[in-house]
Amino acid sequence: MGNKSKSEENYQQWMKDLETVAKIGRWEIQVDERITKWSDGVFKIFEISNQQTPSYEEHINFYQKDYRELIETSFSNLIEKKEIIDLEAQITTKKGNLKWVHILGEYFDENTLFGTIQDITTDKYSELQMHLLINNTEESFVLVGLDFKVITVNRQFELEYLKQFGKKIEVGESILNFATPDRRERLKEIYNSVFSGENLEDELVLNTEGGKKVFKLTYKPAKNIQNQITGAFVNIKDITDEEEIKNNLINSEQRFRALVENGTEGTAILDESGNPKYITPSIQGMLGYTLDEIYSKNLMELTHPDDVHKVQEKFMDSLDKPGITLEGALARIKHKDGSWRWFDAIITNLLHEPSINGIVDNFRDVTDKVEAENKLESVLQKLEKHLDNSPLGIVEYDSELYITKWSEKCQEIFGWSEEEVLSKRMNAFDLIYKEDVSKATKIVEELKSDEIHGNTSVNRNNTKSGIIVDCIWYNSTIRDKNGDVETIMSLVQDVSKDVEAEKKVQESIKEKTILLAEVHHRVKNNLAIVSGLLQLQAFNTTDNHLMKALFDSVSRIKSIALVHEQLYNSNDFANVRIDKNIRKLVNHLSSIMSRENNIEVEYELEETELNINQAIPTALFINEAVTNVYKHAFQNDSGGVLKIYCSEVKGAITIGINDNGIGFDQKILAETKDSQSLGFQLLEMVTQQLSGDLSIESNNGTTIKLSFLNGAKQKGSSAGIIDFKH
């Protein structure tokens, strides 16, 4: 009996130790009495003193609210349906701690239920952490068993597969079913190799609507605690972007290599003595040497003697400044063909860098640039020399019109030196005479507008000595990329002497104009005296034939005097408005001779100007023709119409005198011409002096027409008019 008790005690102690180690306890429920019985392990799980067992209701309340209904339903199903309880739930212990428990329950009889409860908090949290880790990692992976079935798959893998293939990965299915038919055998070989302990990588390329996608698959054996292989852990990673970057890098490297080998720039690594340790193949195109030839030469050997000193200075400076990038010297380097090429360089002392251990010299051939700059400099020097020797000064202004450049010629014109102008911050308007400021302001506003890029102005200007000088300014603008004025440049010339000379010319012209007007006035007056004398002679003669001849001469002199009167009364002493002259002359003749004949005069006169050499012969023609109409066209005091017209077409002048009088036949006209009457002699000589054409027609009256070219050269105002035979 004692041995049995001892064995039972040992068993009970073993059970307690087991419950403690396994964190497990046994429970029993009396359904009718709603009484619970717990082992020590259950009390420990719920963190309750084992002096008082909780009631059924108290026991249920330890479970979290979300699990209470599940627990009670499970107990009911165990009683009614004898369904074994096997579930996980979360409890709050007496001390307020949260725990996960695994509950197993069995049916004993209709009033008794029993089972176990185990604290699985540690395992559960590990499981949850693993679940969180699996589903929150950025990478996609799946765990496959030795039977090729999917054990677990994370969310990322699930979504990626669904996106690419439109099918969901299902746990428990064979992983081979989710591969494309052409990859299944290959995939099976990979998994078998992994199941045997190998680590493998594979690449999957898919052509999608969005373009080519590249995935990297990594296969590793999955092992348990005993280090036994239980399956394969597969990681899948989208490396499309990485592949694109890699391809771009390869392309960039290829382009860089092409540039290095064939470009106009190169890189050399020199030792501390200037001997090349490395040089890019592009040197062959730049200087003509092979790489073997260039490696055998020192930098200074190839440098032009005149440039060696400055190259050495830069090289030594670099030796004293490790790690600092310096601008190298612009120098001439000898080509294999004996010519010299200009090079500039950027040098960095990296002797302290083990991977480089040298002075890096990045160089480029700038021969074309240097030669172009030298040519430009030569052109600019010549231009500057020409400008210095020209009568033009050069002024530059900023956008606010402050002077920024002032040439020596400007100092000569205005008196201020460049130093004075710049130190005083003189403005463009400091040079403008006060009475010309408003005019200059308009010039500046015009220059700053978008419409023009240059203009010219003439104005009076101040000088250092106080003397006002007249200058002509040739202005132009330089604009920035936005079109705003950045610089204004002006070329200026002192034209004071020219302005003074112009004033004298104008004064001389004015004086001569007055004198010329006086001449015409005196000629008119003298003609009037001659006319008066002829009239006195006519009044004192009893010879009717002589009286008629004298009055005809008076009329002719009047026609000449009217031309001089018109010139005197106008501002133009070279040209006469012949249409006005015709109207005035005919009105004069009409006032004298219309007492005998009632003649209506009609005019069709275009505005026409003739020079004085043409105006006087034309006036004589009008006088002779109109006088003839008044004397002979109408008889017995009968009335009639006299039409006078003057027109100009493309420089050709036509003057016509037409009447509706009695006319005359051609025989009488021929006899009249042959008689060499003074009237016809005048008409012919006027026509000859004007280099024109004269026509006389008789048809229901008489028409006399004179045509000539405007501006034809004449001998003199009236020199040939009296040169005829009596």
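Residues take numbers from 1 onward in each chain, read along the sequence in its written order. Restriction of local features to residues with pLDDT of at least 70 applies here, the model being predicted, together with a cutoff of 80 or more for giving and counting side-chain atom pairs; totals for whole chains, interfaces and linings are based on all residues. Processing note: side-chain calculations cover all non-hydrogen atoms of the structure and skip hydrogens and water entirely.

## Brief notes about the overall build of the protein
And step 1. Within the protein, the secondary structure is distributed over 22 helices and 28 strands.
And step 2. Residues are treated as being in contact if the distance between any of their heavy atoms lies within 4.5 Å. Long-range pairs, those at least 24 residues apart, make up 51% of the contacts in the protein with a sequence separation of at least 6. Helix numbers and strand numbers start at the N terminus; a helix is a DSSP run of H or I with at least 4 residues, a strand a run of E with at least 2.

## Section: the side chain of N475
And step 1. Looking at the secondary structure, you find N475 in strand β20 (residues 469–479).
And step 2. Exposure is judged per residue with a 1.4 Å probe applied to protein chains only, and the accessible area is read against the type maximum: over 50% gives exposed, under 20% gives buried, and values in between give partly exposed. On the accessibility criterion, N475 (11% relative accessible area) is buried.
And step 3. Side-chain polar atoms of N475 contact the side chain of S490, separated by 2.6 Å.
And step 4. Excluding anything up to four places from it in sequence, N475 contacts I443, L447, H453, G454, N455, S457, M489 and S490. Polar contacts, as counted here, are pairs of nitrogen or oxygen atoms within 3.5 Å of one another; within protein the pair requires one atom able to donate a hydrogen and one able to accept it, and residues that are adjacent in sequence qualify only if both atoms are side-chain atoms.

## Some remarks on the confidence of the model for the protein
And step 1. pLDDT measures the predictor's confidence residue by residue and takes values from 0 up to 100. Averaged over every residue, the pLDDT of the protein is 82; the share at 70 or more is 84%.
And step 2. In this model residues 712–726 is a low-confidence stretch, pLDDT under 50, and it forms 26 contacts with partners more than four residues away in sequence or in other chains.

## What to know about unusual backbone geometry
The phi angle of most residues is negative, glycine excepted, and most peptide bonds adopt the trans form.
And step 1. Here the phi dihedral of R425 falls at roughly 50 degrees; this positive angle occurs in a residue that is not glycine.
And step 2. Judged by relative accessible area, which is 49%, R425 ranks as partly exposed.
And step 3. Phi at K650 takes a positive value of approximately 50 degrees, unusual for a residue other than glycine.
And step 4. Relative to the assigned elements, K650 resides in the loop between β25 (640–649) and β26 (652–659).

## Comments concerning the packing of aromatic side chains
For any two aromatic rings, the description comes down to two numbers: the centre-to-centre distance and the angle of the planes.
And step 1. Each Phe, Tyr or Trp ring, with Trp reduced to its six-membered ring, pairs with another whose centre is within 6.5 Å; inter-plane angles below 30 degrees give stacked pairs, above 60 give edge-to-face pairs, and intermediate values give tilted ones. Summed over the entire model, instances satisfying the criterion amount to 15 aromatic pairs.
And step 2. Taking the centre distance of 6.2 Å and the plane angle of 55 degrees together, the rings of Y56 and F75 count as tilted. Taken together, the residues span a long stretch of sequence, with Y56 in helix α3 (residues 56–61) and F75 in helix α4 (residues 65–80) at a distance of 19 residues. Residues Y56 and F75 agree in their burial class; the two are buried.
And step 3. A ring pair is formed by F108 and F114, whose centres lie 6.2 Å apart and whose planes are at 75 degrees; its orientation type is edge-to-face.
And step 4. Judged by relative accessible area, F114 falls into the partly exposed class, the value being 32%.

## A word on a nonpolar patch on the surface
And step 1. On the surface, a nonpolar cluster with roughly 270 Å² of combined accessible area is contributed by L376, L380 and L383.
And step 2. With respect to the helices and strands, L383 occurs in helix α13 (residues 367–389).
And step 3. For L383, a relative accessible area of 45% puts it in the partly exposed group. Patches were defined on residues exceeding 30% relative accessible area and lacking a salt bridge, with like-charge contacts within 9 Å and nonpolar side-chain contacts (Val, Leu, Ile, Met, Phe, Trp, Tyr) within 5 Å. Using the Shrake-Rupley algorithm and a 1.4 Å probe, accessible areas are obtained, with residue cover drawn only from the displayed protein chains. Whenever a carboxyl oxygen of Asp or Glu lies within 4 Å of a side-chain nitrogen of Lys or Arg, that contact is scored as a salt bridge.

## What to know about the nonpolar core
And step 1. Definition used in this section: a nonpolar core is a set of buried Ala, Val, Leu, Ile, Met, Phe, Trp, Tyr and Cys residues joined via side-chain atoms within 4.5 Å. By size, the foremost hydrophobic cluster in this structure holds 35 residues, and its most contacted members are I582, F621, I622, V626 and I657.
And step 2. Elements supplying a minimum of two residues to this core: α19 (578–593), β23 (599–605), α20 (612–633), β25, β26, α22 (678–689) and β28 (702–709).
And step 3. Per-element tally for this core: the top contributor is α20, with 11 residues.
And step 4. Look past the residues within four positions of I657 in its chain and what remains in contact with it is F621, I622, A625, V626, V629, L642, K643, I644, T702, T703 and I704.
And step 5. With 26 residues, the next largest nonpolar core counts F46, F62, I85 and I120 among its residues.

## Here's the deal with the sheet that holds strand β19 (residues 454–461)
Each strand in a sheet pairs with another by means of backbone hydrogen bonds, the pair being arranged parallel or else antiparallel.
And step 1. Strands qualify as paired when DSSP identifies two bridges or more between them. Ordered by their spatial adjacency, five strands build an open sheet running β18-β17-β21-β20-β19, and the pairing between neighbours is antiparallel. The sheet is open, and its two edges are formed by β18 (403–406) and β19, each paired on a single side. In this sheet, neighbouring strand axes are inclined to one another by 25 degrees on average, regardless of whether the strands run parallel or antiparallel.
And step 2. The pairing of β19 with β20 spans eight bridges and is antiparallel. For T456, the partnering residue across the bridge sits in β20 and is Y474. Lines are fitted to the C-alpha atoms to define the axes, a helix being fitted only along its stretch in contact, and any angle between axes, read from their N-to-C directions, falls within 0 to 180 degrees.

## Some details on α20
And step 1. What a helix is expected to span follows from its residue count: subtract one and scale by 1.5 Å. Taking 1.5 Å per residue, 22 residues should reach 32 Å; α20 reaches 30 Å between its end C-alpha atoms and fits that length.
And step 2. Of all 22 residues making up α20, 18 are buried, and the element is well covered by its neighbours.
And step 3. N-cap assignment for α20: the residue whose side-chain oxygen lies 3.1 Å from the backbone N of N613 is N611.

## Topic: the environment of R425
And step 1. Locating R425 in the fold gives a position in the loop between α15 (418–423) and α16 (437–448).
And step 2. In this structure, the C-alpha to C-alpha distance between R425 and L401, residues 24 residues apart in sequence, is 9.9 Å.
And step 3. Beyond its immediate chain neighbours, meaning those up to four positions away, R425 contacts Y402 and D430.

## Re the pattern of salt bridges
And step 1. All chains considered together, the criterion is met by 22 salt bridges.
And step 2. Notably, a salt bridge pairs E435 with R460, separated by 3.5 Å at the nearest N-O pair. In this pair, E435 is assigned in the loop between α15 and α16 and R460 in strand β19, connecting sequence segments 25 residues apart.
And step 3. For E435, a relative accessible area of 51% puts it in the exposed group.
And step 4. Via salt bridges that share partners, E47, K99 and D119 belong to a single interconnected network.

## A look at the pairing of strand β16 (residues 358–365)
And step 1. As paired elements, strand β11 (residues 265–270) and β16 share six bridges and run antiparallel to each other. Of the residues in β16, the one forming a bridge with T267 is N362.
And step 2. As judged from the eight bridges shared by strand β15 (residues 340–350) and β16, these two strands associate in the antiparallel manner. Each bridged residue has a counterpart across the sheet, and for T348 the counterpart in β16 is V360.

## Here's the deal with a negative patch on the surface
And step 1. On the surface, E377, E384, D388, E408 and E418 cluster together to form a negatively charged patch.
And step 2. At three residues, the largest contribution of residues to the negative patch is made by α13. Charge convention: Lys and Arg are scored as positive, Asp and Glu as negative, and His as well as the terminal groups of each chain are ignored. Lysine's charge is taken at NZ, arginine's at CZ, aspartate's at CG and glutamate's at CD.

## Looking at the sheet that holds strand β10 (residues 229–238)
And step 1. Taken together, the five strands give an open sheet; going across it, the order is β7-β6-β10-β9-β8, and neighbouring strands pair in antiparallel fashion. If you trace the sheet from one side to the other, it starts and ends with β7 (150–153) and β8 (200–208), each paired once. Looking at each pair of strands side by side, their axes are set apart by 25 degrees on average, direction ignored.
And step 2. Alignment of strand β6 (residues 140–145) against β7, held across three bridges, turns out to be antiparallel. Considered in β7, the bridge of V142 is made with V153.
And step 3. Sitting on the sheet, helix α6 (residues 155–165) touches β6, β7, β8, β9 (211–223) and β10, and the angle it makes with β6 is about 100 degrees.
And step 4. Strands in contact with helix α7 (residues 184–195) are β6, β8, β9 and β10; relative to β10, the strand with the most contacts, it is inclined by about 125 degrees.

## Description of the pairing of β18
And step 1. Bridge count between strand β17 (residues 392–398) and β18: three bridges; the pairing is antiparallel. Bridged to Y397 within β18 is I403.
And step 2. If you look at the hairpin formed by β17 and β18, you'll find four residues sitting between the two strands, and L401 has a positive phi there, around 70 degrees.

## Quick word on helix α12 (residues 308–319)
The α-helix winds at 3.6 residues per turn, so residues separated by three or four positions along the chain end up facing the same way.
And step 1. Counted at 1.5 Å a residue, the expected span for α12 with its 12 residues is 16 Å, and the 17 Å between its end C-alpha atoms agrees.
And step 2. Every buried residue of α12 is listed here: V308, V311, F315 and S318. End-on view of α12: buried residues confined to an arc of 90 degrees, all on one side of the axis.
And step 3. Next to the buried residues of α12 lie β11, α11 (299–302), β13 (325–327), β14 (331–334), β15 and β16. Summarising the geometry, the arc corresponds to the directions from the helix axis toward the C-beta atoms.

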